[in-house]
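Working through the structure, step by step
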Amino acid sequence: MPIDFNSHIYFVNNNRPFLQKLVNSNYVANRPVNDIFIKSVQNDGIKIEKKSFGSIEKTNQTVELYTLTNKNGASVSLSSFGATITSIKVPDKNGKLIDVAQGYDSVTPYEKSPVGHAGGTIGPCANKINKGTFKLGEKEFKLDCNKDNGKTHSHGGKEGLDVKNWKAQVLKDGVKFIYTKKDMEGGYPANVNISVTYKFDNDNNLSVKYEAETDSDTILNLTNHSYFNLDGAENASENSVMEHLVELPNSSKYTPVNDIAIPTGEIKPVDGTDFDFRTPKRLSAMNKNGYDQNYVIDGYDGKNLIEAANVKSEKSGIALKVLTDLPGFQFYTANNLGKAEQPFGKDGKRYEKHSAFCVEPQFFPDAINTFDEKPILKKGDKYNRTIIYSFKADN
């Protein structure tokens, strides 16, 4: 169920939209501008810089890194490889800029050691598909099973969207990444034109807009897989995120799963369980094994942005609010990080287990086979979904 996205609407910290004033009316939102580009929004400069992020060894393609910086010096860096968030620098309670997103300094670790899908655009179908099979009409499709010892297809498989080099268009206030998925690429049917548009404003709100059109019926379930540590991504040690306070204010239900994290089809209340974060709770006081769980968003209608998560670090004072128009989200506490094959991160440290958390708005896991709300994109329809990551700091 698509919604319209108004590019002249921005969100401030109270999450109420306001109308932006364009300094130069000759530049219209979503119109690409040439090369090196500094354009103003509401008399406050949003600077966009481009540089090389290295080359893909497999194809020798150059990967570009775009950095969006607002008037306060806060910034978001985005790689064309995977349309990936590589860095988010926002001020803490003392005004010091802190990078709260795990990531790497060049494209090489993303290409050669893609552990955890860090910051990537996940698809064509995020999360798991049981046995890698699904039907559209009477036709069955089989995808590669890259997870759970060959029992499930996960996050688009070995050739998912997070390991593709996307084309980029620079906008006056953001960057739009474009990728055309070919028919049966990765086993998914249809030629699908996909775009991800990132915009960052002066109130430290990062909007992520997903759009797509297809030439025949297919499935599509897109999300972002950023790993956050609100004390700073350099805090890479095990359990370093477990003192964060987590609130999932509109999740009174969750989807129980089997031993390989495939939903049973039930939707159960969180009451009396370790999944109940409707009021703020410290992660260390809850399930010490961490979380990798899909939550149902109360009041979902596919049209309105609903608050999915609030996470705060008392140490830094940084709080992250996540809003979306998707039906659910995976809440994940980096349970599987810390593997020996994992590359070192931006600060020369390996990201360890429970060193970060993810909030991944999406359709439910295995929704195509299990639930009524299915991620089917039909020919003639438009996929149009949004995630907002909103940052602020409290003293």
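The sections below set out a description of the structure shown in this document.

Attention shifts here to the layout of surface pockets. Empty space among the atoms becomes apparent when a probe as large as a water molecule is rolled across them. The space that makes up the largest pocket amounts to roughly 1,200 Å³. If you trace the largest pocket, you find 47 residues lining it, with His-117, Asn-146, Lys-147, Ser-154 and His-155 closest to the centre. Considering every element that reaches the lining of the largest pocket, the biggest residue donor is strand 24 (residues 292-296), with 3 residues. Residue classes in the lining of the largest pocket are distributed as 15 nonpolar, 19 polar and 13 charged.

Strand order in the open sheet formed by 5 strands is 22-21-24-27-28, with antiparallel pairing between adjacent strands. Whereas interior strands pair on both sides, the edge strands pair on one side only; in this sheet they are strand 22 (268-269) and strand 28 (358-362). Of the pairings in the sheet, the one linking strand 21 (residues 253-254) to strand 24 comprises 2 bridges and is antiparallel in character. By the bridge assignment for strand 24, Lys-253 is matched with Val-296.

Another aspect to go through is the environment of Val-100. Positionally, Val-100 belongs in the loop between strand 8 (97-99) and helix 1 (107-112). On the basis of relative accessibility, which here comes to 0%, the residue Val-100 falls in the buried class. When the C-alpha atoms of Val-100 and Ile-318 are compared, they prove to be 9.2 Å apart, with 218 residues separating the residues in sequence. The residues contacting Val-100, other than those within four sequence positions of it, are Ile-88, Val-90, Tyr-227, Phe-228, Asn-229, Leu-230, Ala-233, Ile-318 and Phe-391.

Inspection of every chain in the model, using the stated rule, returns 18 salt bridges. Of the charged contacts in the structure, one is a salt bridge between Lys-47 and Glu-49, with a shortest N-O distance of 3.7 Å. Among the residues examined, Glu-49 registers a relative accessible area of 39% and is labelled partly exposed. Linking Lys-128 and Asp-148 is a salt bridge whose minimum nitrogen-to-oxygen distance equals 2.8 Å. Note that Lys-128 is positioned in strand 10 (residues 128-130) and Asp-148 in the loop between strand 12 (139-142) and strand 13 (152-154), a separation of 20 residues in sequence. Note on Asp-148: relative accessible area 21%, which makes it partly exposed. Several salt bridges converge on common partners, so that one network encompasses Lys-58, Glu-159, Lys-164 and Glu-185.

Calculation notes
Residues numbered from 1 in each chain as written. Predicted model: local features only at pLDDT ≥ 70, side-chain atom pairs only at ≥ 80, totals over all residues. Heavy atoms only, no water. 1 Å grid on protein atoms, 1.4 Å probe; cavity = no way out; pocket = protein on both sides within 12 Å on 5 of 7 lines; lining within 4 Å. Points joined across faces, edges and corners; volume = space filled by probe spheres on them. Helix = DSSP H or I, 4+ residues; strand = E, 2+ residues; numbered from the N terminus. Nonpolar A, V, L, I, M, F, W, Y, C, P; charged D, E, K, R; others polar. Pairing = 2+ DSSP bridges. Buried < 20%, exposed > 50% of the residue type's maximum accessible area, 1.4 Å probe, protein only. Contact = heavy atoms within 4.5 Å. Salt bridge = Lys/Arg side-chain N within 4 Å of Asp/Glu carboxyl O.

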